[in-house]
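If you want the building blocks of each chain, they are given just below.
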Amino acid sequence: MAACAVYTSQSLNSTCSISTPTKTHLGFHQKQVVFYSASKRTSKRGSSSGPCVITCSAGDSQTVVIGLAADSGCGKSTFMRRLTSVFGGAAEPPKGGNPDSNTLISDMTTVICLDDYHSLDRTGRKEKGVTALDPRANDFDLMYEQVKALKSGIAVDKPIYNHVTGLLDPPELIKPPKILVIEGLHPMFDERVRDLLDFSIYLDISNEVKFAWKIQRDMAERGHSLESIKASIDARKPDFDAYIDPQKQYADAVIEVLPTQLIPDDNEGKVLRVRLIMKEGVKHFSPVYLFDEGSSISWIPCGRKLTCSYPGIKFSYGPDTYFGHEVSVLEMDGQFDRLDELIYVESHLSNISTKFYGEITQQMLKHADFPGSNNGTGLFQTIVGLKIRDLYEQISASKTATPLEATKA
Ligand SMILES: Nc1ncnc2c1ncn2[C@@H]1O[C@H](COP(=O)(O)OP(=O)(O)OP(=O)(O)O)[C@@H](O)[C@H]1O
Ligand SMILES: O=C(CO)[C@H](O)[C@H](O)COP(=O)(O)O
């Protein structure tokens, strides 16, 4: 049987098999055939006559899938660098591939950027008058099929959205990794994709902070004007509110970044109040706590063991509800003066999934040059990275021979 076009370079692992077609081919997929036939890897224009059912048993190679959602310029890449560092090894684009690939591969992890599932290129979006945040500019059927295939141990030919040219480039081969991270605008938008996630994170950056970060990057580093930055944020806002922001209700962990409350009427956006909102009852994930699990705590750690300059540091912890879910919230307002003293804070946190005393502090010191290393964004991203490692290890340890069925149209 011919494989579906979207998997023309597929390689099944030993736990997977293909069985007979069950459905008729949809017009949508025919379009994909044409698209893929432009690739040098793909030879069978229109030959993918039928859908097929792939059945895999959850063997050693089953991929754990993590979703990371945020608007553009909200720290996804920085978070990914912290996460892959927790697993060790450097993350690099696929060797010998498209130099504009958005994918990052390390020993344990493959990070794919969901911009690669834009169905409309830059010109196409302009012609249709839609933004990249609009679902109509994205191919959720293909995203679902490919994430499902990877989760089942099947390699896929994933498209590439080229941010340099604004075009859709020929696809690249993605093999199933141990941990697949899908990062971008819509990892939790489509219910089918959402259901494939073993853990999901939303980076919720308040408008004030987003603006400050954009200015820092796009004005200081890319030469954009203040007006153009503001105009671009304003132009995206309706679609951001409609399609991106609502995904946070589905996230297992949300990192919320707000202006500080320690400086009255602060409008500089340099000192941040960061909240780590952790859903209760998520399989393989137990929220971090401060001092005493389930209590409500407010803690100012500044003093003999932690150097703080103005405006100081304040931690809070306690139970709450978030979109109707029971959550635990850990909050840090302020910034660290000396990262080596972070060990003092670390030693008062529990359930942090470290492998040795001081691992959080070590990770933070290792990446002291990353944005947010002196505040709650870096601290909480590091903690979430450790929790993901723990989740992965628990899932790997609890693997059973339960068959996992993946249906591919
Ligand atoms: N925690 C942080 N503290 C301060 N600034 C930050 C932080 N995280 C990110 N930034 C700022 O935002 C910029 C974008 O960060 P990053 O590249 O990680 O975001 P991104 O979501 O991957 O962006 P894009 O989607 O546009 O590639 C950084 O260059 C930096 O200026
Ligand atoms: O929101 C985005 C995700 O990063 C980008 O704006 C979208 O991918 C379109 O990219 P470009 O502006 O390079 O055409």
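Residues numbered from 1 in each chain as written. Chains lettered and ligands numbered in written order. Predicted model: local features only at pLDDT ≥ 70, side-chain atom pairs only at ≥ 80, totals over all residues. Heavy atoms only, no water.

Student: An account of the packing of helix H2 (residues 76–87) against helix H10 (residues 376–397) is requested, with residue identities and associated values reported.
Tutor: One can describe the packing of H2 onto H10 by two numbers: an axis separation of 9 Å at closest approach and a directional angle of 45°. One finds that H2 runs oblique with respect to H10. In this structure, the crossing between H2 and H10 has a hand that is right-handed. On H10, the residues that touch Thr-78, Phe-79, Arg-82, Leu-83, Val-86 and Phe-87 of H2 are Gly-378, Gln-381, Thr-382, Val-384, Gly-385, Leu-386, Ile-388, Arg-389 and Tyr-392. (Axes fitted to C-alpha atoms, helices over the stretch in contact; angles between N-to-C directions. Helix = DSSP H or I, 4+ residues; strand = E, 2+ residues; numbered from the N terminus. Parallel < 35°, antiparallel > 145°, perpendicular 65-115°, else oblique. Left-handed = near helix turned anticlockwise from the far one by under 90°. Contact = heavy atoms within 4.5 Å.)

Student: Summarise the site of ligand 2; cite the residues concerned and give the values.
Tutor: Surrounding ligand 2, one finds Ser-72, Asp-115, His-118, Arg-122, Arg-125, Ala-132, Tyr-161, His-163, Leu-185 and Arg-236. A distance of 2.9 Å separates an oxygen atom of ligand 2 from a polar side-chain atom of Asp-115. Between ligand 2 and Arg-236 there is a distance of 2.6 Å, counted from an oxygen atom to a side-chain nitrogen or oxygen. About the coverage of ligand 2: the protein hides 79% of its 360 Å² of free accessible area. Classifying every residue of the shell around ligand 2 gives three nonpolar, three polar and four charged. (Near = heavy atom within 4 Å. Polar contact = N/O pair within 3.5 Å; in protein donor to acceptor, adjacent residues only side chain to side chain. Areas by Shrake-Rupley, 256 points an atom, 1.4 Å probe, with all protein chains shown as cover. Nonpolar A, V, L, I, M, F, W, Y, C, P; charged D, E, K, R; others polar.)

Student: Quick rundown of the site of ligand 1? Include the residues and the values.
Tutor: Close contacts around ligand 1 come from 14 residues, with Gly-73, Gly-75, Ser-77, Thr-78 and Thr-377 the closest. Interatomic distance of 2.9 Å between a backbone N/O atom of Gly-73 and an oxygen atom of ligand 1. At 2.8 Å, a side-chain N or O of Thr-377 approaches a nitrogen atom of ligand 1. Within the complex, the protein chains bury 82% of what would otherwise be the 630 Å² of accessible surface of ligand 1. If you list the elements that add at least two residues to the shell around ligand 1, you get H2 and helix H6 (207–221). When its residues are assigned to classes, the shell around ligand 1 shows three nonpolar, eight polar and three charged. Two domains each provide a minimum of three residues to the shell around ligand 1, namely domain 1 (59–203) and domain 2 (252–397). (Domains from an automatic or database assignment.)

Student: Would you mind going over the domain arrangement of the protein in detail, with residue names and values included?
Tutor: With domains assigned, the protein is organised as domain 1 (59–203) and domain 2 (252–397). Computed from C-alpha coordinates alone, the two centres of domain 1 and domain 2 are separated by 26 Å. Counting residues at the interface gives 20 residues for domain 1 and 25 residues for domain 2. Of the roughly 2,100 Å² buried at the junction of domain 1 and domain 2 (both faces included), carbon and sulfur atoms supply 67%. Considering only the surface of domain 1 that becomes buried against domain 2, Arg-82, Val-86 and Phe-199 emerge as the three largest contributors, covering 36% of it. Summed over the shared surface of domain 1 and domain 2, the number is zero salt bridges. Taken together, domain 1 and domain 2 are joined by nine residue pairs in polar contact (both at pLDDT 80 or more). Elements that contribute at least two residues to the side of domain 1 that touches domain 2 include exactly strand E3 (64–69), H2 and strand E9 (199–205). (Buried area = accessible area lost by both parts, 1.4 Å probe. Salt bridge = Lys/Arg side-chain N within 4 Å of Asp/Glu carboxyl O.)

Student: Quick one: what's the story with the state of the cysteines, residue by residue and with numbers?
Tutor: Taken as a whole and assessed by the stated rule, the structure comprises one disulfide. Between the sulfur atoms of Cys-302 and its disulfide partner Cys-308 the distance amounts to 2.1 Å. Taking the sign of the S-S torsion, -85° for the link of Cys-302 and Cys-308, the bridge is left-handed. Using a relative accessible area of 27% as the deciding quantity, one classes Cys-302 as partly exposed. Between Cys-74, a free cysteine, and Cys-113, which holds the nearest cysteine sulfur, the sulfur-to-sulfur gap is 13 Å. The exposure class assigned to Cys-113 is buried, which follows from its relative accessible area of 7%. (Disulfide = S-S within 2.5 Å. Buried < 20%, exposed > 50% of the residue type's maximum accessible area, 1.4 Å probe, protein only.)

Student: Please give an account of the pattern of salt bridges that cites residues and values.
Tutor: If you walk through the whole model with that rule in mind, you get 22 salt bridges. For Glu-359, the salt bridge identified is with Arg-389, shortest N-O distance 2.8 Å. With Glu-359 in helix H9 (residues 359–366) and Arg-389 in helix H10, this residue pair connects regions lying 30 residues apart in the sequence. We classify Glu-359 as buried; its relative accessible area is 4%. Assessed through its relative accessible area of 6%, Arg-389 is described here as buried. One salt-bridge network, held together by shared partners, links Glu-256, Arg-273, Arg-275 and Glu-331.

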